[in-house]
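# Observations on chain architecture
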Amino acid sequence: ETKPFFVGFCHCHPCRRANNSSYGPHLVALPKSAFKITAGEELLAEYNSFGTMHRRWCTKCGTGVYQGPSEAHFYGVFASNFDALASKNPHPIPAIFQPTGNINVENSPLPSLCLATGLDCFKDFPSVTGG
């Protein structure tokens, strides 16, 4: 079982744009070497935004599955994909996938909102992700 090396909110421009939000998506950073799609890979579509960010989503339901910078050694898996692993009511995200920080805060149009979470804030990527 692989544990994530970072869980948090990303505030880079590509993430905010892809999620149509001024606040970044909740991502679970997992090593590419430990990540595998076990079913439905034929349903995934990919988009390369800004020439550096690869995003994959389900073409059947539109759910984002994962994304990540091309050169990174990790994928940012959307935490909402893990709620099925938790109890059935009220579908909380398991504790291991709870956010611990904010990344790419230097790109946020709302840095005060990042600080208000009470979580660690990183200018770019924390060292555990290669930043």
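None of the values given here were measured: they were computed from a predicted structure.

Calculation rules
- Residues numbered from 1 in each chain as written.
- Predicted model: local features only at pLDDT ≥ 70, side-chain atom pairs only at ≥ 80, totals over all residues.
- Heavy atoms only, no water.
- Pairing = 2+ DSSP bridges.
- Helix = DSSP H or I, 4+ residues; strand = E, 2+ residues; numbered from the N terminus.
- Core = buried A, V, L, I, M, F, W, Y, C linked by side-chain atoms within 4.5 Å.
- Buried < 20%, exposed > 50% of the residue type's maximum accessible area, 1.4 Å probe, protein only.
- Contact = heavy atoms within 4.5 Å.
- Polar contact = N/O pair within 3.5 Å; in protein donor to acceptor, adjacent residues only side chain to side chain.
- Phe/Tyr/Trp six-rings, centres within 6.5 Å; stacked < 30°, edge-to-face > 60°.
- Salt bridge = Lys/Arg side-chain N within 4 Å of Asp/Glu carboxyl O.

### Let's talk about the sheet that holds strand β8 (residues 120-121)
Strands in a sheet are paired, the pairing made by backbone hydrogen bonds, and the direction either parallel or antiparallel. Spatial strand order, β3-β4-β5-β6-β2-β1-β7-β8: 8 strands in an open sheet with mixed pairing. Both outer strands of the open sheet, β3 (44-49) and β8, are each paired with one neighbouring strand and no more. Examined bridge by bridge, strand β1 (residues 6-10) and strand β2 (residues 26-31) share 4 bridges and lie antiparallel to one another. Along β2, the bridge assignment pairs Phe6 with Ala29.

### So, the nonpolar core
Counting 12 residues, the largest nonpolar core is built from Val7, Val28, Leu30, Phe35, Ile37, Leu44, Val65, Tyr66, Val77, Ala79, Phe82 and Phe97. For this core, the elements supplying multiple residues, two or more each, are β2 and β5 (64-69). Residue contacts for Ala79: discarding those within four places in its chain leaves His26, Val28, Ile93 and Phe97. If you look at the next biggest cluster of nonpolar residues, it comprises 11 residues, including Phe6, Cys15, Ala29 and Phe78.

### Considering the side chain of His11
Positionally, His11 belongs in the loop between β1 and α1 (13-18). On the accessibility criterion, His11 (0% relative accessible area) is buried. Polar contacts involving the side chain of His11 include one to the side chain of Asn102, which spans 2.9 Å.

### Thoughts on the packing of aromatic side chains
Tallied over the full model, the rule gives 5 aromatic pairs. Ring geometry for Phe5 against Phe74: centres 5.9 Å apart, planes inclined by 90°, an arrangement best described as edge-to-face. One end of the pair, Phe5, is in the segment before β1; the other, Phe74, is in strand β6 (residues 74-78), with 69 residues separating them in the sequence. A relative accessible area of 7% places Phe74 in the buried class. A centroid spacing of 4.8 Å and a plane angle of 65° characterise the contact between Phe35 and Tyr66, whose relative ring orientation is edge-to-face. Residue Phe35 is located in the loop between β2 and β3, and its partner Tyr66 is located in strand β5; the two are separated by 31 residues in the primary sequence.

### Details of the pattern of salt bridges
All told, the structure shown has 2 salt bridges when counted by the stated rule. Linking Glu41 and Arg56 is a salt bridge whose minimum nitrogen-to-oxygen distance equals 3.7 Å. You can see Glu41 sitting in the loop between β2 and β3 and its partner Arg56 sitting in strand β4 (residues 53-58), a full 15 residues away along the chain. Residue class for Glu41 comes out partly exposed when judged on its relative accessible area of 41%.

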